[in-house]
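# Geometric and topological summary
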Amino acid sequence: MVVDQLSETELDRLFQALADATRRDIVRRVTVGEYSVSGLAALYAMSFAAVQKHVAVLERASLVTKEKRGREQIVRGNHDGLQKARQLLDEYEAIWRQRVERIADILAEK
Amino acid sequence: MTVISSTKNPEALTLTLVAEFDASPEQVWQIWEDPRQLERWWGPPTWPATFEQFEFEPGGKASYYMTGPDGEKAGGWWRITSVQAPNRLEFDDGFADENGAPVEDIGAGHATVTLEEIGDRTRMTILSTFESEEQMKKMIDMGMEEGMQEAAGQIDALLAEHSRA
């Protein structure tokens, strides 16, 4: 199962990264288009340094990539990182699908 | 088909699952409200759940354990936060140690169950929210182990049928 393919450290980073609303918003934005760090900083009521810190947390969790382009640092979504979070949810969904089938069986007895 | 849709939001770590049953909301409510019914579906056949405590009211607690094929036990608890029969149930759920005491540092998930009458059917929507990385991973570890045991059991049963034929 996918959980075994991720180290504890990787998982900790992934979930800590997603535990913050600003960071989730950054992930959503850079998944659909690229942003510079200063472009992102303009969107939030916080300092450039604070936004840069959030981006660094996301980068360590492999959720985004950062690349220098001239004076700008361009942030993009990392598809593989998000895919891991998605796979965990897939597994949890499978548990609930099985429960729903059992509920349907019990209700059908009546 | 029973499961109508499921929506996963990896950024927010939520899962929304929508299912419809040929039953009234009262009948579906019953399978949540009655611990003996709940025990029949919460865990898979190979890991049945036993609810030792079940206070089905706001602020109430429930504690259960699931028993594996080799007698191993996995414990869990609910803290019920909202009960509006027969339409809405909300609870926190987490893990328990071998004595049934909540393991607080793992954190808890939150589940919101809503039941709506749609014609002569009932639509059940489950919204699951995860709080911590460890909590979600453990939840899945526990559930997947069961799932795989169950699948293995089904294969065994099929093989047994073939050998009889």
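Quick note: structure is the one above.
Residues numbered from 1 in each chain as written. Chains lettered and ligands numbered in written order. Predicted model: local features only at pLDDT ≥ 70, side-chain atom pairs only at ≥ 80, totals over all residues.

### Let's talk about the overall build of chain B
To keep things clear, this is the line we draw: A run of DSSP states H or I qualifies as a helix once it reaches four residues; a run of E qualifies as a strand once it reaches two. Both are numbered from the N-terminal end. Counting other C-beta atoms within 10 Å of a residue's own tells you its class, since 20 or more makes it buried, 12 or fewer makes it exposed, and anything in between is partly exposed; those C-beta atoms are placed from the backbone. Any pair of residues counts as being in contact when their C-beta atoms, constructed from backbone geometry, are within 7 Å of one another.
Broken down by element type, chain B carries three helices and eight strands. If you list the helices and strands of chain B from N to C, you get β-β-α-α-β-β-β-β-β-β-α. Relative to its full complement of 165 residues, chain B shows a buried share of 29%. Considering only residue pairs separated by 6 or more positions, chain B has 38% of its internal contacts joining residues 24 or more positions apart.

### Considerations on the environment of Arg69(A)
All names here are of chain A. Looking at where Arg-69 falls in the secondary structure, it is placed in strand β2 (residues 64-69). Judged by C-beta crowding, with 9 C-beta atoms within 10 Å, Arg-69 ranks as exposed. Residues Arg-69 and Ser-36, 33 residues apart in the sequence, show an inter-C-alpha distance of 9.2 Å.

### Description of the nonpolar core
Selection rule: Put simply, a nonpolar core is a cluster of buried Ala, Val, Leu, Ile, Met, Phe, Trp, Tyr and Cys residues tied together by C-beta atoms within 7 Å.
Within the largest apolar cluster, 23 residues are counted, with the highest numbers of intra-cluster contacts made by Ile103(A), Phe21(B), Val28(B) and Ile31(B). Of all the secondary-structure elements, those providing two or more residues to this core are α6 (79-108) of chain A together with β2 (14-21), α1 (25-33), β5 (73-84) and β6 (88-96) of chain B. Take this core: its biggest share by element is five residues, from α6(A). With residues up to four places along the chain from it excluded, the contact list for Phe21(B) reads Ile103(A), Ala104(A), Leu107(A), Thr2(B), Val28(B), Arg121(B), Thr122(B) and Met124(B). Residues Ala17(A), Val55(A), Leu63(A) and Leu13(B) belong to the second largest nonpolar core, which totals 18 residues.

### Some remarks on the sheet that holds strand β3 (residues 72-77) of chain A
All names here are of chain A. Rules: A pair of strands counts as paired when DSSP detects no fewer than two bridges linking them. Structural elements are reduced to axes, namely lines fitted to C-alpha atoms, with helices fitted over the stretch in contact, and the angle between N-to-C directions of any two is expressed from 0 to 180 degrees.
Here we have three strands laid out as an open sheet, ordered β1-β3-β2, and antiparallel in their pairing. Looking along the sheet, the strands with just one partner apiece sit at the ends: β1 (35-36) and β2. Direction of pairing for β1 relative to β3: antiparallel, over a ladder of two bridges. Of the residues in β3, the one forming a bridge with Tyr-35 is Val-75. With respect to the sheet, helix α3 (residues 21-32) is in contact with β1, β2 and β3, its orientation differing from that of β3 by roughly 90°.

### A look at the pairing of β2(A)
All names here are of chain A. Bridge count between β2 and β3: six bridges; the pairing is antiparallel. Paired with Lys-66 across the two strands is Val-75, which belongs to β3. Taken together, β2 and the strand that follows it, β3, pair antiparallel across an intervening segment of two residues, in which Gly-70 is found at a positive phi of about 60°.

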